Amino acid sequence: MIPKETVAKILETAEIVDVVSDFISLKKRGANYLGLCPFHNEKGPSFTVSPAKGIYKCFGCGKSGAPVNFIMEHEGLTYPEALRFLAKKYSIKIEEVEQTADQIKEQNAKESMMLLSTYAQQQFTKNLWEDEEGKRIGLSYFKERGFSKQTIERFQLGYSLESRKAFSDKALADGYLMEYLVKTGLTIENEGRYFDRFSGRVIFPIHNISGRAIAFGGRILTNDKKLAKYLNSPESEIYHKSNVLYGLFQAKKTIVEKNNCYLVEGYTDVVSLSQAGVENVVASAGTSLTVEQIRLIRRFTPNVTIMYDGDSAGIKASFRGINLILTEGLNVKVLLFPDGEDPDSFAKKHTQEDLLAFMEGNTTDFISFKTKLLLDETKNDPIGKAQLIHDIVESISLIPDGIARSLYIK
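None of these values were measured; they are calculated from a predicted model.

Chemist: Help me out: how do you make sense of the pattern of salt bridges in this one?
Modeler: Pairing is possible between side chains that carry opposite charge, provided their charged atoms lie close to one another. Inspection of every chain in the model, using the stated rule, returns 15 salt bridges. Where glutamate 111 meets arginine 212, a salt bridge forms, and the shortest distance between an N and an O atom there is 3.0 Å. Of this pair, glutamate 111 sits in helix α6 (residues 109–130) while arginine 212 is found in the loop between β9 (201–207) and β10 (213–220), placing the two residues 101 residues apart along the sequence. Between aspartate 344 and lysine 348 there is a salt bridge, with its nearest N and O atoms 2.3 Å apart. Residue aspartate 344 and its partner lysine 348 are both found in helix α16 (residues 343–349); the two are separated by four residues, about one turn of the helix. Among the residues examined, aspartate 344 registers a relative accessible area of 5% and is labelled buried. Overlapping salt bridges bring together Asp18, Asp22 and Lys89 as one network.

Set out below in structure tokens:
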């Protein structure tokens, strides 16, 4: 139980604009702030935040309240959990007794899984810095990739020991239940036997928008072709991959500042670009781009720049995802890297100054990019050109703004 004095301090300290702007982009309008409501899908801002009154109100869906209500609604937390969330944000110490195994058992399933995922991230990180195997294999790999200590810590990268049951046995010994180890996908159980999903892999924790670890991506470091290079957590009560973007927690403030979001494919692309100074970058790792992910980006900016390597087949395969972005009313640009390069490799080979100059000089509007790409393939093919026109017009027709559509048609 949280003492009344501490509750009062949390409620007095939590500032509504500060709390809400961690999750959506707000723009000042007179005495208030406006943004897109995170609780329902909308294309025009109807979500108002009043610093004078200390409340938010959506005139679209009707949701309203103080900072603690916003956290409860947005994060799906109980009142005490939301208070703890705000206390952590404002570094307010709460004196609470450490949980026993019985108390952990009594937690509701979702919060138990969240606690377990946080514990797992901490164990994987500890392995990387303190365990001899972790330092020799995991830390060496990240250093070979050129990741600095600051970058490794920022993304909470880690390592899962090679022993097939090392993590599961440690978690069980520390009071966590097999039921939740299996539900989060950290442990695989089969006919009474169990083993760690990520053993012998470097770990990329996947965070929700408020920074809690909810899933993991693990990369194998051997050349065993029988094993998947990357392995991701399965869907669970706390992790729905179509609703999550890798790196968004780390990127969201810079996305708002730069009013643009770079979209890449993989974990290492995000980490390398972030280290190179491009911090407003996220990845749809492990899934094709979804409407839910696009709406996540739209909370922070209406502008998306998609980064590609030189594979034209892969680019064309992504057109469906870009059409989804256009339908949601975002402005789409494209940045194509030279043949044989991806964001990760290019960032490593060039200085920050050269990388930023390349990005600025080679970013193209999507409709122009798509037209040029398809024109190059249909130079002497009238039927192909007819199909090209159909494809381009189809993309333009998806843009909600009438003025923008007219300009593209011209």
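What follows continues from the structure just given.
Chemist: Help me understand the environment of leucine 324, please; the structure alone is not making it clear to me.
Modeler: Structurally, the position occupied by leucine 324 is in helix α15 (residues 319–327). Residue classification places leucine 324 among the partly exposed positions, given a relative accessible area of 21%. Along the backbone, leucine 324 and threonine 151 are 173 residues apart, and their C-alpha atoms lie at a distance of 32 Å.

Chemist: I tried to follow helix α7 (residues 132–144) on my own but got confused; where do I start?
Modeler: Every α-helical turn comprises 3.6 residues, leaving residues that sit three or four positions apart pointing alike. When the terminal C-alpha atoms of α7 are compared, their 17 Å separation across 13 residues agrees well with the 18 Å that a helix rising 1.5 Å per residue should span. A bend of about 25° at glycine 138 is the largest found in α7. By the burial criterion, the buried members of α7 are Glu133, Gly134, Gly138, Leu139, Tyr141 and Phe142. The distance from a side-chain oxygen at the start of α7 to the backbone nitrogen of glutamate 133 is 2.8 Å, and the residue carrying that oxygen is aspartate 131. Note on α7: the residue one or two positions beyond its end, glycine 146, has a positive phi of about 90°.

Chemist: Got a minute to help me understand the state of the cysteines in this structure?
Modeler: Two cysteines form a disulfide when their sulfur atoms are joined by a covalent bond. All chains considered together, the criterion is met by zero disulfides. Cysteine cysteine 58 shares no disulfide, and the gap to the nearest cysteine sulfur, in cysteine 37, comes to 3.6 Å. For cysteine 58, a relative accessible area of 0% gives the class buried. You can see cysteine 61 has no disulfide; the closest cysteine sulfur is in cysteine 58, sitting 3.6 Å from it.

Reading guide: rules and limits
Residues numbered from 1 in each chain as written. Predicted model: local features only at pLDDT ≥ 70, side-chain atom pairs only at ≥ 80, totals over all residues. Heavy atoms only, no water. Salt bridge = Lys/Arg side-chain N within 4 Å of Asp/Glu carboxyl O. Helix = DSSP H or I, 4+ residues; strand = E, 2+ residues; numbered from the N terminus. Buried < 20%, exposed > 50% of the residue type's maximum accessible area, 1.4 Å probe, protein only. Expected span 1.5 Å × (residues − 1). Bend = angle between axes of the 7 residues up to and from the residue. Polar contact = N/O pair within 3.5 Å; in protein donor to acceptor, adjacent residues only side chain to side chain. Disulfide = S-S within 2.5 Å.

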